[in-house]
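Breakdown of the fold
Chain by chain, the residues run as shown.
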Amino acid sequence: MTLALPRNAAELTPDWLTRALRAELLDGAVVTGARLTQIGQDQSFTGGAIYRIALDYDRPGAGPRSIVAKLSPDDARLAKALFTPNQREITFYDHIAKQDDLPIPQCHYSAADPAQLASVI
């Protein structure tokens, strides 16, 4: 699936979240609400681009109650510095994390765009 990558929290809309999650787990349901809380800004070198998102759906229990989204930082220098590590994380979730015996968070969607130095996990 090709989706435009969200560049900031405002672009993590219910419509975008529906399209990103639908292929993985929503079975036709629609995200009707998304409440974002910025997390982790003081714990790591992320540029403050990590959000916990509480989700509402058009059907009760259609998907996870909340997810965490990690975006590329707004700062161009940080985005450039973190693009390769973020791309490695995407590769990890796409290949290694699918092993059943690893106790790690489930990744529902990830993508990277080298031309824009942008990623979302």
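Chains are numbered independently. Their residues run from 1 in the order of the written sequence. Under the rules for a predicted model, residues below a pLDDT of 70 receive no local features and side-chain atom pairs below 80 are neither given nor counted, while totals for whole chains, interfaces and linings still include all residues. Hydrogens and waters are ignored; side-chain quantities use all the structure's heavy atoms.

All right, on to the sheet that holds strand 2 (residues 50–57) then. A strand pair is defined by DSSP finding two or more bridges across the two strands. Each helix corresponds to a stretch of at least 4 residues labelled H or I by DSSP, and each strand to a stretch of at least 2 residues labelled E; elements are numbered beginning at the N terminus. One open sheet holds the three strands; their spatial order is 1-2-3, and the pairing between them is antiparallel. The sheet is open, and its two edges are formed by strand 1 (31–39) and strand 3 (66–70), each paired on a single side. Each strand of the sheet is rotated relative to its neighbour by a mean of 30 degrees, with strand direction disregarded. Alignment of strand 2 against strand 3, held across five bridges, turns out to be antiparallel. Across the sheet, I53 pairs through a bridge with I67, a residue of strand 3. Every axis in this analysis is a line fitted to C-alpha atoms, fitted for helices over the stretch in contact. Angles between the N-to-C directions lie between 0 and 180 degrees.

To continue, consider the side chain of S72. Along the chain, S72 falls in the loop between strand 3 and helix 2 (76–96). By the criterion applied in these results, polar contacts are pairs of N or O atoms within 3.5 Å in which, for protein atoms, one can donate a hydrogen and the other can accept it, and in which residues neighboring in sequence qualify only through two side-chain atoms. One polar contact links the side chain of S72 to the main-chain amide nitrogen of S119, over a distance of 2.7 Å. Note on definitions: a residue-residue contact is assigned when non-hydrogen atoms from the two residues lie within 4.5 Å. Setting aside chain neighbours within four positions, we find S72 in contact with R7, A49, L117, A118 and S119.

The span expected for a helix works out to 1.5 Å for each residue beyond the first. With 21 residues, helix 2 should cover 30 Å at 1.5 Å per step; its first-to-last C-alpha distance of 29 Å lies within 8% of that length. Throughout, the bend at a residue refers to the angle made by two axes, fitted to the seven residues ending there and to the seven starting there. Along helix 2, the largest kink reaches about 45 degrees and is centred on F83; proline P85 follows within four residues of it. The buried label applies to any residue whose accessible area, calculated with a 1.4 Å probe on protein chains only, is under 20% of its type's maximum; exposed applies above 50%, and partly exposed to all values in between. What helix 2 keeps buried is the set A79, L82, F83, N86, I90 and Y93.

Let us look at the pattern of salt bridges. Should a side-chain nitrogen of Lys or Arg be within 4 Å of a carboxyl oxygen of Asp or Glu, the pair is scored as a salt bridge. Counted according to the given criterion, the structure contains four salt bridges. The salt bridge partner of D15 is R19, with a shortest N-O separation of 3.4 Å. A residue pair is termed a helical-turn pair when its members lie 3 or 4 positions apart in one helix, as D15 and R19 do in helix 1 (residues 14–26) at four residues. Taking the relative accessible area as the measure of exposure, D15 reaches 49% and is therefore partly exposed. Classification of R19 by relative accessible area gives partly exposed; the value is 39%. With a closest N to O distance of 2.7 Å, E89 and K70 form a salt bridge. Of this pair, E89 sits in helix 2 while K70 is found in strand 3, placing the two residues 19 residues apart along the sequence. Residue E89 is classed as partly exposed on the basis of its relative accessible area, which comes to 24%.

Moving on to the layout of surface pockets. Left-over empty space is what a probe sized like a water molecule reveals as it rolls over the atoms. In this structure, the largest pocket occupies an estimated 390 Å³ of space. The definitions used throughout rest on a 1 Å grid laid over the protein atoms alone, on which a cavity is an enclosed set of points accommodating a 1.4 Å probe that cannot get out and a pocket is an open set flanked by protein within 12 Å on both sides along at least five of seven lines; lining residues are those having an atom within 4 Å of a point. In this structure, the largest pocket is lined by 20 residues; those nearest its centre are V68, A69, Q106, C107 and I121. Breaking the lining of the largest pocket down by element, the ones donating at least two residues are helix 1, strand 3 and helix 2. Take the lining of the largest pocket: its biggest share by element is five residues, from strand 3. Only Asp, Glu, Lys and Arg are considered charged, only Ala, Val, Leu, Ile, Met, Phe, Trp, Tyr, Cys and Pro nonpolar, and every remaining residue, Gly among them, polar. Residue classes in the lining of the largest pocket are distributed as 15 nonpolar, three polar and two charged. Grid points are joined across faces, edges and corners, and a volume is the space filled by probe spheres set on the points.

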